[in-house]
Amino acid sequence: MGILFKQYLSGDKIYTCSQCKTHCTDHGQLISKAFQGRHGRAYLFSDVVNVTLGPREDRMLITGLHTVCDIYCITCNCVLGWKYEVAYEESQKYKEGKYILEKAKVQKEGSF
């Protein structure tokens, strides 16, 4: 394995991996807190860093069929959530290219 390059975010509201504290995103990327993940509440973000994508798969979610990729922390390989690749229902198209981070898998650092 080569050298691991991590991106460190600046700002006073950062979301990090709950296992290893690797930076994932900042509060400015938050779109919504009204989502449900596998382990409870989840957040929708426009962008995240320091993750790798798993294989694409069709998954039936509460809002219908989507093609998603699980996202993994690049440091500890913990599943943090998923990325929406394709939403098949027109009303769900706004999610395409966005990321879900599960509240149970991330923690807030800074002044929230």
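Residues numbered from 1 in each chain as written. Predicted model: local features only at pLDDT ≥ 70, side-chain atom pairs only at ≥ 80, totals over all residues. Heavy atoms only, no water.

Naming follows an unreviewed UniProt entry, where the protein appears as Protein yippee-like of Chlorella ohadii.

## So, the layout of surface pockets
Quick reminder of the rule: Here the term cavity refers to a set of points on a 1 Å grid, laid over the protein atoms alone, in which a 1.4 Å probe fits but cannot get out; the term pocket refers to an open set having protein on both sides within 12 Å along at least five of seven lines, with lining residues being those that place an atom within 4 Å of a point. Grid points are joined across faces, edges and corners, and a volume is the space filled by probe spheres set on the points. Strands are runs of DSSP state E lasting at least 2 residues, helices are runs of H or I lasting at least 4, and numbering of each runs from the N terminus. Just so you know the grouping, Ala, Val, Leu, Ile, Met, Phe, Trp, Tyr, Cys and Pro go in nonpolar, Asp, Glu, Lys and Arg go in charged, and all remaining residues, Gly too, go in polar.
Taken as a whole, the largest pocket encloses approximately 190 Å³ of empty space. Lining of the largest pocket is provided by Ala34, Phe35, Gln36, Gly37, Arg38, Arg59, Leu61, Ile62, Thr63, Trp82, Tyr84 and Lys95. Broken down by element, the residue count for the lining of the largest pocket peaks at four residues, all from strand 3 (residues 30–37). Here the residues of the lining of the largest pocket sort into six nonpolar, three polar and three charged.

## Focus: the sheet that holds strand 2 (residues 23–26)
As a reminder of what qualifies: Any two strands with at least two DSSP bridges between them are considered paired. Only the stretch in contact is used when fitting a helix axis, every axis being a line fitted to C-alpha atoms; angles between N-to-C directions are given from 0 to 180 degrees.
Strand order in the open sheet formed by three strands is 2-1-9, and the pairing between neighbours is antiparallel. Looking at strand neighbours, the two that pair on one side only are strand 2 and strand 9 (106–110), the edges of this open sheet. On average, adjacent strands in this sheet sit at an angle of 30 degrees to one another, irrespective of strand direction.

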